[in-house]
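# Residue-level structural notes
Each chain is listed here by its residues.
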Amino acid sequence: MTSLAVAGHLGEGHSELLLGYMEIFREAILNPAPPRDFALQTVEQVIKPQNPSKLLQDENQLLENILRSLLQELVSSAAQSGERVMQYGQSVAEGGACVGQIPRLLDIVLYLSERENIEGGMIFQLLEDLTEMSTMKDCEDIFGYIECRQDILGKPELFARGKLVMLRTCNQLLRRLSKANEVVLCGRIIMFLAHFFPLSERSAVNIKGVFNTSNETKYEKEAPEIGTIDFNFYKTFWNLQENFSNPASLTPVATKWQKFNSSLLVVLNTFKAQPLNEEECNTINVEDEASNFNIKYLTSSNLMGLELKDPSFRRHFLVQCLILFDYLKAPGKNEKDLSTDTIKEEIKSSEEQVKRLLELTPPGGKEFFQGIEHILEREKNWVWWKRDGCPPFEKQPIERKFPQDGIKKRRIRWRLGNKELSQLWKWADQNPNALTDAQRVCTPSIMDYWKPLADDMDESAGIEAEYHHKNNRVYCWKGLRFSARQDLEGFSRYNEHGIEGVVPLELLPADVQSKYQVKPTDRSKRAKKDETKGSAQQLEDSQIATPAGENDADCGRMDLDTPTASGKVSPTGKAIVDGSDKQQNPEPDGALEAGQIEADAEPGLIDGEADADADLDIVS
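### Observations regarding the overall build of the chain
A count of helices and strands for the chain gives 30 helices and 2 strands. The burial tally for the chain puts 33% of its 620 residues in the buried class. For the chain, the proportion of contacts with a sequence separation of at least 24, taken over those separated by at least 6, is 64%. On the chain, roughly 40,000 Å² of surface is accessible, and the fraction owed to carbon and sulfur atoms is 52%.

### So, a nonpolar patch on the surface
Judged by side-chain polarity, Leu 416, Leu 421, Leu 424 and Trp 425 come together as a nonpolar surface patch covering roughly 380 Å² of accessible area. Position of Trp 425 relative to the elements: it lies in helix 19 (residues 419–430). Overall, the relative accessible area of 42% leaves Trp 425 in the partly exposed class.

### A look at the packing of helix 11 (residues 231–245) against helix 16 (residues 311–328)
Contact geometry for helix 11 and helix 16: axes closest at 11 Å, N-to-C directions at 35°. When you trace helix 11 past helix 16, the crossing you get is left-handed. Residues Phe 237, Trp 238, Leu 240, Gln 241, Asn 243 and Phe 244 of helix 11 form the contact with helix 16, whose own contacting residues are Phe 313, Phe 317, Gln 320, Cys 321 and Leu 324. Of the residues belonging to the contact of helix 11 with helix 16, the class tally is 8 nonpolar, 3 polar and no charged.

### Digging into the confidence of the model for the chain
When pLDDT is averaged along the chain, the result is 77, and 72% of the positions lie at 70 or above. Predicted confidence for residues 544–620 stays below pLDDT 50, and this span has 63 contacts to residues more than four positions away or in other chains.

### Remarks on the packing of aromatic side chains
On inspection of all chains with the given rule, the structure shows 23 aromatic pairs. Plain terms: the ring middles of Phe 159 and Phe 197 are 5.4 Å apart, the flat faces sit at 70° to each other, and that makes the pair edge-to-face. Taken as a pair, Phe 159 in helix 9 (residues 156–176) and Phe 197 in the loop between helix 10 (183–196) and helix 11 lie far apart in primary sequence, 38 residues in all. Every member of this aromatic cluster is reached through a ring pair, and the members are Phe 233, Phe 237, Trp 238, Phe 244, Trp 257, Phe 260, Phe 271, Tyr 297, Phe 313 and Phe 317. If you follow Arg 315 out to its NZ or CZ, it ends over the ring of Phe 368, 4.4 Å from the centre.

### Notes on helix 16
Relative to the 26 Å expected for 18 residues at 1.5 Å per residue, helix 16 spans 26 Å between its end C-alpha atoms, a close match to the ideal helical length. Helix 16 sits mainly inside the fold: 15 of its 18 residues count as buried. Regarding helix 16, its N-cap is Asp 310, as a side-chain oxygen of that residue lies 3.1 Å from the backbone nitrogen of Ser 312 further along.

### As for unusual backbone geometry
Across the junction of Pro 362 and Pro 363, the peptide omega takes the value -5°, indicating a cis bond. Within the secondary structure, Pro 363 is located in the loop between helix 17 (341–360) and helix 18 (365–387). For Lys 48, which is not glycine, the phi dihedral falls at a positive 55°. Inspection of the secondary structure puts Lys 48 in the loop between helix 3 (39–47) and helix 4 (57–81). Taking relative accessible area as the criterion, Lys 48 reaches 62% and is therefore assigned exposed. Here the phi dihedral of Glu 116 falls at roughly 60°; this positive angle occurs in a residue that is not glycine. Position of Glu 116 among the secondary structure elements: in the loop between helix 5 (101–114) and helix 6 (122–133).

Thresholds applied
- Residues numbered from 1 in each chain as written.
- Predicted model: local features only at pLDDT ≥ 70, side-chain atom pairs only at ≥ 80, totals over all residues.
- Heavy atoms only, no water.
- Helix = DSSP H or I, 4+ residues; strand = E, 2+ residues; numbered from the N terminus.
- Buried < 20%, exposed > 50% of the residue type's maximum accessible area, 1.4 Å probe, protein only.
- Contact = heavy atoms within 4.5 Å.
- Areas by Shrake-Rupley, 256 points an atom, 1.4 Å probe, with all protein chains shown as cover.
- Patch = residues over 30% accessible without salt bridge, like charges linked within 9 Å, V, L, I, M, F, W, Y side chains within 5 Å.
- Salt bridge = Lys/Arg side-chain N within 4 Å of Asp/Glu carboxyl O.
- Axes fitted to C-alpha atoms, helices over the stretch in contact; angles between N-to-C directions.
- Left-handed = near helix turned anticlockwise from the far one by under 90°.
- Nonpolar A, V, L, I, M, F, W, Y, C, P; charged D, E, K, R; others polar.
- pLDDT = per-residue confidence, 0-100.
- Phe/Tyr/Trp six-rings, centres within 6.5 Å; stacked < 30°, edge-to-face > 60°.
- Lys NZ or Arg CZ within 6 Å of the ring centre and 35° of its normal.
- Expected span 1.5 Å × (residues − 1).
- Polar contact = N/O pair within 3.5 Å; in protein donor to acceptor, adjacent residues only side chain to side chain.

Rendered as structure tokens:
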């Protein structure tokens, strides 16, 4: 926007006033003092804002028009004088540095934008105008200024106001730059964008996967009069570049894929028929980095024979093939396009041939192929990320919380790493006999240990079943161990009543005690069972003490003379218990001895798997 345009925006009667505003800023630019000393006062002198600390929207718009008009006049003056834009009207500033008028103007606006006195996006708008009005040589100086001020421009509160303008400015510069002659500046711009924009920025992701079809490879269509190369092979080779630049064109129509595959096989067979050796590679000197750096290879038919002998040329072509195959095999995208198994098999076969040729291409073919394979494998992660919609994966930094008074609390350092170990060591130092103290290990009594379970069994307590201690396996297991050592009578009730029967009766209410008290008949059975155990043990001892020959000779006599639990034997040789006429069936073949039966019966008493009466019958 020119001065006349600004004057028209303000009204025809305000043109002289506009020139006066611009003259005030010209004087401020020539002031060698730092911007903090005069920048805000200059704005107040020109705009006369209602709130000096922060301008309103209309005031910001007026100030922006004045600054853009002044910037245009400065650029025009620099062009007329033949000086570089960023060096026009250099003056000695603070510190003895020579600063041009335009950088000085930008510094003033940047200072006010940083302090939020004016609109934060104003500095970015001025930079965009400056690049549009400057030549490419001047744009390099302008971008150097941006790089020098990137710490301030990149602050989140400032960059959020003008990031889209800065992105548009950088993209316009990239379009104007030559990718062949100004590669360094292109790289600087791309690095700048990568530094300030996150990886998940959708403007740089190419969500739709659009290919650069404008990158055309021009080659000869007519055969030359004199040529040493097969022109059909020449056309077949360079025609493949059309498919490499747009792989999506192969999938919709099957005939295109068939044509591409047949042409590719011709090239691969030619590579295979003309292998390279180490001597040719050393002659070409592929180790020289300058010989490997090419924007695009020349497509003259006269150079085809030399290019086929260049290992770098072959590698470029073979890597293009692998990238194309990876696109066709991309997960979840081309399943419907590659509907036939024939196309999938052809892709797999051609890929194997390309990999073998890469490994056979000297020097270091295997190492080069492994590096390319690793890169393509990592590329699949990016493919999946884009397919999922590019979700952000940046983690926000953890904010460290400090005390409100601003004083950092000193972290306590313990001698042995933590408070508990340090306290234990301190006790041991004060009392060497602490570890051998009798009170250190105290086993609870049966009454104290089973008290919680006894409270659970009291219905008047109203404790729900899911909160009973009998549901705790560790608690029950420890209680059984205590009862086995201190209360055998309570321990014996486990078979019949479970874990609740082990609780001492003194802890239970009167109505609950009756349920778990031992009946007199049970006590008599248990006494008879103990007597039977003793008799069976005596029988086993007598059998062990008697020699084997006597046992065989007196077998019948021992069966008749063996005492039973009551000391009586029936005429038929069967045992009679308590003098009654109830008889037992003879033991089956292979029955265990009495001592062995008791050994198996004892765990049953603990586990609750054998009844007292059942044990008595078996032993008898």
